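A closer look at the structure
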Amino acid sequence: MSELSRPDDDYGDLGEKRSRRLRIVAWTVIVALILGGGGATVLTILLG
């Protein structure tokens, strides 16, 4: 088997761990943006 066609078995489940970490970071950012935007809206309404 050539070097280019070899499956990525060298890394084991590293790709799965990276994918899981990426999803956690993405959801954290989304929640932070929603909470931050909501908080800014409430302050704007309260302070006029």
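Look a little higher up for the structure.
Residues numbered from 1 in each chain as written. Predicted model: local features only at pLDDT ≥ 70, side-chain atom pairs only at ≥ 80, totals over all residues. Heavy atoms only, no water.

1. Examining the overall build of the protein
Of the regular secondary structure elements, the protein holds one helix and zero strands. Put simply, the protein has 48 residues, and 0% of those count as buried. Summed over its atoms, the accessible surface of the protein is roughly 4,700 Å², and 66% of this surface lies on carbon and sulfur atoms. (Helix = DSSP H or I, 4+ residues; strand = E, 2+ residues; numbered from the N terminus. Buried < 20%, exposed > 50% of the residue type's maximum accessible area, 1.4 Å probe, protein only. Areas by Shrake-Rupley, 256 points an atom, 1.4 Å probe, with all protein chains shown as cover.)

2. What about the pattern of salt bridges?
Scanning all chains against the criterion turns up one salt bridge. We note a salt bridge from Arg20 to Glu16, for which the minimum N-O separation is 3.5 Å. Of this pair, Arg20 and Glu16 both sit in helix α1 (residues 14-47), four residues apart, which is roughly one turn of that helix. Here Arg20 falls in the partly exposed class, since its relative accessible area comes to 43%. (Salt bridge = Lys/Arg side-chain N within 4 Å of Asp/Glu carboxyl O.)

3. Concerning α1
An ideal rise of 1.5 Å per residue puts 50 Å on 34 residues; α1 measures up with 49 Å between its terminal C-alpha atoms. Directly after α1, the chain includes Gly48, whose backbone phi takes a positive value near 65°. (Expected span 1.5 Å × (residues − 1).)

4. Quick word on a nonpolar patch on the surface
On the surface, a nonpolar cluster with roughly 460 Å² of combined accessible area is contributed by Val42, Leu43, Leu46 and Leu47. With respect to the secondary-structure elements, Leu43 resides in helix α1. (Patch = residues over 30% accessible without salt bridge, like charges linked within 9 Å, V, L, I, M, F, W, Y side chains within 5 Å.)

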